[in-house]
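# Per-entry structural report
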Amino acid sequence: MVVIMEVVLQHLTKSFPSRDRKDHGDVIAVNDFNLTIPDGKLIGLLGPSGCGKSTTLNLISGLLKPTSGRILFGEDDVTNLPPENRGIGLVFQNYALYPHLTVKQNILFPLENLKGKDKLTKSQMLDKAVLSAKLVQIEELMERRPRELSGGQQQRVAIARALVKTPRVLLLDEPLSNLDARLRLQTREEIRRIQRETGVTTVFVTHDQEEAMSISDLIVVMKEGVVQQIGKPQEVYDSPANLFVAKFLGTPPINLFEGQVKGGRLLIGGEAVLDLGKIPDQKVYAGVRPEGFALHEEGGFSCTLDRVEVMGRDISVVSANQASLNPLVRAIIGTENKIDTGRYREGSRVRFHLIPHKVYLFNWETEERIYFGER
């Protein structure tokens, strides 16, 4: 039975000496990170390469020691404990399986190193290994070696090995990066199933926003070692705290425009496209999600059509606007709109109403969110 465990990170900071001979200062990989991971939840650490997410995972695991701050597993301060004493299960990007050992031997390996009161009999170890293999559905592969397995099967072995010791916390570092697209989708669903069945508190590191949003209870968006936003995936998507978060989440990405607030209205390319209420006049970034456009002949926002793409479930209207900061503006329109694609030709004008709750404003200088209407 898995022990459910809350993980608390308090003012966690990690710096490294700079490799630049001209710069003798430190590089701060994780900067004053504060997070409470609730009991039995799956948390996604999300951000681009170099944002500090893997460093944070390595601090939780004990592979790195923090420059400052504390790490708590429940009531226990584990900040200075070595990895083997923290009760963690760790799954690496490259699986790190022993090639000369069978699947069974790989799974058994962590149990064979237990000592003292934790030491198990051979029968107990085998029972736990079989149970772990069944959980990840590889019990029929126990006598094979890693080279005889597919990438997805190797990943399951790595997860089984991490779970066999009944860890307090499961840590997954980019676990799907080496899999093809279809296998990634299947394996992430398996990870979510396993996490729910075991109830083990899990931290999942990825740069893929779709992965993080699809399986996480909470996501933590990071940039340059600093937490940008923490929340439920849909809440963070629907209400980004700043321009970085808005740009990082969403496929297709958010449409960005150079905008102007004048007299309580949003102007894009000189057109008044939205009533805002009492907001001071200023220059802003205006972001519109692709699903935030409604085709309408009398819409206040106009673009020059590039093409219309019919994608089965949706129709993508691709156009250009002089105020756009993206190369093209992409509007996703549901097929229930019955658009006559023959009517719209390249170079013609298309007009939209903007859906207010899919429009976001950001300060031009600070890139922080400017709220309007109801929050």
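One can find the structure itself at the top, above this paragraph.
A short tour of the structure in this document, coming up. What you see is a predicted model, and the numbers here were worked out from it, not measured in a lab.

Attention shifts here to the overall build of the protein. On a plain count of helices and strands, the protein comes out with eight helices and 21 strands. Counting only C-alpha atoms and orienting by the principal axes, one finds that the protein spans roughly 75 × 50 × 40 Å. Within the protein, the fraction of its 375 residues that count as buried is 49%. Considering only intrachain contacts with a sequence separation of at least 6, the fraction spanning at least 24 residues in the protein is 67%. Total accessible area on the protein is roughly 18900 Å²; 48% of this is exposed by carbon and sulfur atoms. Counting 48 positive and 47 negative side-chain charges, the protein places the averaged centre of each group 4 Å from the other.

For helix α2 (residues 103-112), the full list of buried residues reads Val103, Asn106, Ile107, Leu108, Pro110 and Leu111. Looking at the buried residues of α2, the elements they touch are α3 (122-135) and α4 (151-163).

Turning our attention to the pattern of salt bridges. Applying the stated criterion across every chain yields a total of 18 salt bridges. In this structure, the salt-bridge partner of Glu197 is Arg193, at a minimum N-O distance of 2.9 Å. Of this pair, Glu197 and Arg193 both sit in helix α5 (residues 181-198), four residues apart, which is roughly one turn of that helix. You can call Arg193 partly exposed: its relative accessible area is 22%. A cluster of three or more residues bridged by salt bridges with shared partners is formed by Arg156, Glu190, Arg193 and Glu197.

A word on the nonpolar core. Core analysis: the biggest nonpolar cluster contains 33 residues, and Ile107, Ile138 and Ile191 have the highest contact counts within it. At six residues, the largest contribution of residues to this core is made by α4. Aside from chain neighbours lying at most four places away, what touches Ile138 is Val103, Ile107, Ala133, Arg156, Val157 and Ala160. In terms of nonpolar packing, the next biggest core, distinct from the first, is built from 28 residues, Val261, Phe301, Leu305 and Ala323 among them.

With that settled, the discussion passes to the sheet that holds strand β2 (residues 26-37). Sheet architecture is open: four strands sit in the order β2-β1-β4-β5, paired in antiparallel fashion. Across the chains shown, the open sheet's two edge strands, defined by having one partner strand only, are β2 and β5 (76-77). Examined bridge by bridge, strand β4 (residues 68-73) and β5 share two bridges and lie antiparallel to one another. Note that in β5 the partner of Phe73 across the bridge is Asp76. Packing against the sheet, helix α1 (residues 53-61) makes contact with β1 (7-17), β2 and β4, and its axis sits at approximately 115 degrees to β1.

The subject of this paragraph is the packing of aromatic side chains. Two numbers describe a pair of aromatic rings. These are the distance of the centres and the angle of the planes. In this structure the tally under the stated criterion is seven aromatic pairs. On the basis of an interplanar angle of 15 degrees and a centroid distance of 4.0 Å, the ring pair of Tyr285 and Trp364 is categorised as stacked. Taken as a pair, Tyr285 in strand β14 (residues 282-288) and Trp364 in the loop between β20 (359-363) and β21 (369-370) lie far apart in primary sequence, 79 residues in all. The class for Tyr285 is buried, based on a relative accessible area of 14%. Of the residues examined, Trp364 reaches a relative accessible area of 21% and is grouped as partly exposed. Aromatic side chains Phe301 and Phe352 sit 6.5 Å apart centroid to centroid with 40 degrees between the ring planes, which places their arrangement in the tilted category. With a gap of 51 residues between them, Phe301 in strand β16 (residues 301-310) and Phe352 in strand β19 (residues 349-354) connect regions that are remote in the sequence. By relative accessible area, which is 1% here, Phe352 ends up buried. Through successive ring pairs, a cluster of aromatic residues spans Phe257, Phe293, Phe301 and Phe352.

In space, the six strands of this open sheet follow the order β13-β12-β11-β14-β20-β21, with antiparallel pairing throughout. Edge positions in the sheet fall to β13 (271-275) and β21, since each of these pairs with one other strand and no more. Across four bridges, strand β11 (residues 255-262) lies against strand β12 (residues 265-268) in antiparallel orientation. Bridging from a neighbouring strand, Val261 pairs with Leu266 of β12.

This part takes up the pairing of β4. By the bridge criterion, five bridges tie β1 to β4 in an arrangement that is antiparallel. Its bridge partner being in β4, Thr13 is matched across the sheet by Ser68. Between β4 and β5, which pair antiparallel in sequence order, lie two residues; one of them, Gly74, sits at a positive phi of approximately 65 degrees.

This part covers unusual backbone geometry. The step from Thr251 to Pro252 runs through a cis peptide bond, and the omega angle for that step is -5 degrees. Structurally, Pro252 is set in the loop between α8 (243-248) and β11. One non-glycine residue with positive phi stands out, namely His11, at about 50 degrees. Even without being glycine, Glu367 reaches a positive phi, approximately 65 degrees. With respect to the helices and strands, the residue Glu367 is situated in the loop between β20 and β21.

Within the secondary structure, Thr13 is located in strand β1. In this view, Thr13 contacts Ile28, Val30, Asn31, Asp32, Pro66, Thr67 and Ser68; residues no more than four positions away in its chain are not counted.

Reading the values: rules and limits
Residues numbered from 1 in each chain as written. Predicted model: local features only at pLDDT ≥ 70, side-chain atom pairs only at ≥ 80, totals over all residues. Heavy atoms only, no water. Helix = DSSP H or I, 4+ residues; strand = E, 2+ residues; numbered from the N terminus. Buried < 20%, exposed > 50% of the residue type's maximum accessible area, 1.4 Å probe, protein only. Contact = heavy atoms within 4.5 Å. Areas by Shrake-Rupley, 256 points an atom, 1.4 Å probe, with all protein chains shown as cover. Lys, Arg positive; Asp, Glu negative; His and termini not counted. Charge placed at Lys NZ, Arg CZ, Asp CG, Glu CD. Salt bridge = Lys/Arg side-chain N within 4 Å of Asp/Glu carboxyl O. Core = buried A, V, L, I, M, F, W, Y, C linked by side-chain atoms within 4.5 Å. Pairing = 2+ DSSP bridges. Axes fitted to C-alpha atoms, helices over the stretch in contact; angles between N-to-C directions. Phe/Tyr/Trp six-rings, centres within 6.5 Å; stacked < 30°, edge-to-face > 60°.

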